[in-house]
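# Results of the structural survey
Okay, here's what each chain looks like letter by letter:
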Amino acid sequence: SFRSSLQFFDYLIHNLHCSFNLKARTTKMTSEQAQNAIRSEFRMISGCEDKQTSADVSNVGSFQLPDPAGRAGGACTSTLLNVLYRDKVRPDDKSFKELLLEMREILQSKGFTQIPQLSSSRNLDVDTKFDITPDGFHGTKRAVMIGINYVGQEGELAGCHNDVLNMKEYLMDIHEFEEENMTILMDDGVHPDPTRDNIMYAYRKIVAESQAGDVVYLHYSGHGGKLRDDGNDEEDGYDETLIPLDYQSAGQIRDDDLLRTLVIPMQEGVFVTSVMDCCHSGTVLDLPYNYQGEGDSMQEQDFKYDAAFSILGALATGNTSAAASVAMDECCTVS
């Protein structure tokens, strides 16, 4: 069955992690090496630097959102939609550089110090047009959208469900996503809960389903955190994390987990855009290139090069069709 295939894929990747543990050397990469290590094109906009927190705003009306689903929302998502979907009209084309600078100016005008980031699997020209659907698209558009308010828990948020609902409307209205191809996890009593297992299953499933020519959108609004690096591969000594609804019992989702389960196995030719509206999210997908909205080029980041190729090698030769087919203080530091 499809679920059992995904379980096999998870088993394979888990054992690769145990064997290689992402402790292999980190290094700067050439563009060709980056393209070989991460076969799909990933572009991630995150709400802040790894060292920063990302705000949950109580009144998105001040960001002039179109008909917001509620009064509360994440500052990153609210600002992004203000730039991209003001008055429910698609604006003139903007480059990544223009988008980040405009987001930064809006956030500063509201008194927020967080600095939106762009990370990418390619050494992207920052004057490239921002678009969730690239020119020449010919496949299926899919999305995984996660909003966690941690209802009834300490550190409860107010805006994460609204972030998802607003982004869903934008994707369907402007980019013609179809609801049947959108997986939504929210702790609202209506959608499946964003538990650790459900989040990782949704990520494995979208990797399994996506083929060359497809477009993928990934959205996460919730708490993000930092844990002591367990692989000695982080420059600051910490892994960045996503914090699922059941983190107290199931644990957090480390950047290493996302790299080996979501980023590296994604098929060549898939075009992925991710928005991470959470604290400490600047490099949470561990992509090799980063841009903070200053200067004219992206900066190379240390990348887990050996581990990436170990995983790719096992996916290619370790087993056949099954692997291929499925191929809050300091805001959010939680112990």
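Our subject is the structure listed above.
Being a predicted model, the structure only gives us computed values, none of them experimental.

## Examining helix 4 (residues 96-109)
Spanning 14 residues, helix 4 covers 20 Å between terminal C-alpha atoms, matching the ideal 20 Å at 1.5 Å per step. Residues of helix 4 that are buried: Phe96, Lys97, Leu99, Leu100, Met103, Arg104, Ile106 and Leu107. At its buried positions, helix 4 is contacted by strand 1 (41-46), helix 3 (75-84), strand 4 (117-120) and strand 12 (289-291).

## Here we look at the sheet that holds strand 7 (residues 215-221)
Two orientations exist for strands paired in a sheet by backbone hydrogen bonds: parallel and antiparallel. Pairing within the open sheet is mixed, and its eight strands lie in the order 6-5-7-11-1-4-12-13. For this open sheet the edge positions go to strand 6 (182-186) and strand 13 (299-300), each flanked by a neighbour on one side alone. Of the pairings in the sheet, the one linking strand 5 (residues 141-147) to strand 7 comprises seven bridges and is parallel in character. Note that in strand 7 the partner of Ile146 across the bridge is Tyr220. Helix-sheet contacts for helix 6 (residues 196-209) involve strand 5, strand 6, strand 7 and strand 11 (271-277), and the interaxial angle to strand 5 is about 170°.

## Examining the environment of Phe130
Tracing the backbone shows Phe130 in the loop between strand 4 and strand 5. Residues Phe130 and Leu84 lie 46 residues apart in sequence; the distance between their C-alpha atoms is 9.8 Å. Dropping the residues within four chain positions of it, Phe130 is found in contact with Ile45, Leu84, Lys94, Ser95, Phe96, Leu99, Tyr170 and Thr273.

## Describing the packing of aromatic side chains
In this structure the tally under the stated criterion is two aromatic pairs. Between the aromatic rings of Tyr85 and Tyr170, the centroid separation amounts to 5.3 Å while the plane-to-plane angle is 65°, which identifies the pairing as edge-to-face. One end of the pair, Tyr85, is in the loop between helix 3 and helix 4; the other, Tyr170, is in helix 5 (residues 160-174), with 85 residues separating them in the sequence. Centroid distance Phe96 to Phe130: 5.3 Å. Interplanar angle 80°. Geometry classified as edge-to-face. Remark: Phe130 occurs in the loop between strand 4 and strand 5 and Phe96 occurs in helix 4; sequence separation between them is 34 residues. If you follow Lys141 out to its NZ or CZ, it ends over the ring of Phe137, 4.9 Å from the centre.

## As for the pairing of strand 5
Burial analysis of strand 5 places seven of its seven residues in the buried class, the great majority of the element. Residue alternation in strand 5 divides its side chains into two sets, Lys141, Ala143, Met145 and Gly147 and Arg142, Val144 and Ile146, and both sets are buried. Judged from the five bridges that link them, strand 5 and strand 6 form a sheet pairing that is parallel. For Ile146, the partnering residue across the bridge sits in strand 6 and is Leu185. As for the winding sense of the linkage, the β-α-β connection from strand 5 through helix 5 to strand 6 is right-handed.

## Thoughts on the nonpolar core
Residues Phe42, Tyr203 and Leu285 are the most contacted members of the largest nonpolar core, which totals 38 residues. Counting only elements with at least two residues in this core, the list comes to strand 1, strand 5, helix 6, strand 7, helix 8 (255-263) and strand 11. The dominant element in this core, judged by the number of residues it contributes, is helix 6, at six residues. Excluding residues within four positions of it along the chain, Phe42 makes contact with Ser119, Ser120, Ser121, Leu218, Leu262, Val263, Met266, Val272, Leu285 and Leu287. Counting residues in each nonpolar core, the second largest holds 36 residues, with Val83, Tyr170, Ile174 and Val275 among its members.

Rules used in this analysis
- Residues numbered from 1 in each chain as written.
- Predicted model: local features only at pLDDT ≥ 70, side-chain atom pairs only at ≥ 80, totals over all residues.
- Heavy atoms only, no water.
- Helix = DSSP H or I, 4+ residues; strand = E, 2+ residues; numbered from the N terminus.
- Expected span 1.5 Å × (residues − 1).
- Buried < 20%, exposed > 50% of the residue type's maximum accessible area, 1.4 Å probe, protein only.
- Contact = heavy atoms within 4.5 Å.
- Pairing = 2+ DSSP bridges.
- Axes fitted to C-alpha atoms, helices over the stretch in contact; angles between N-to-C directions.
- Phe/Tyr/Trp six-rings, centres within 6.5 Å; stacked < 30°, edge-to-face > 60°.
- Lys NZ or Arg CZ within 6 Å of the ring centre and 35° of its normal.
- Right-handed = clockwise from strand over helix to strand, strands pointing away.
- Core = buried A, V, L, I, M, F, W, Y, C linked by side-chain atoms within 4.5 Å.

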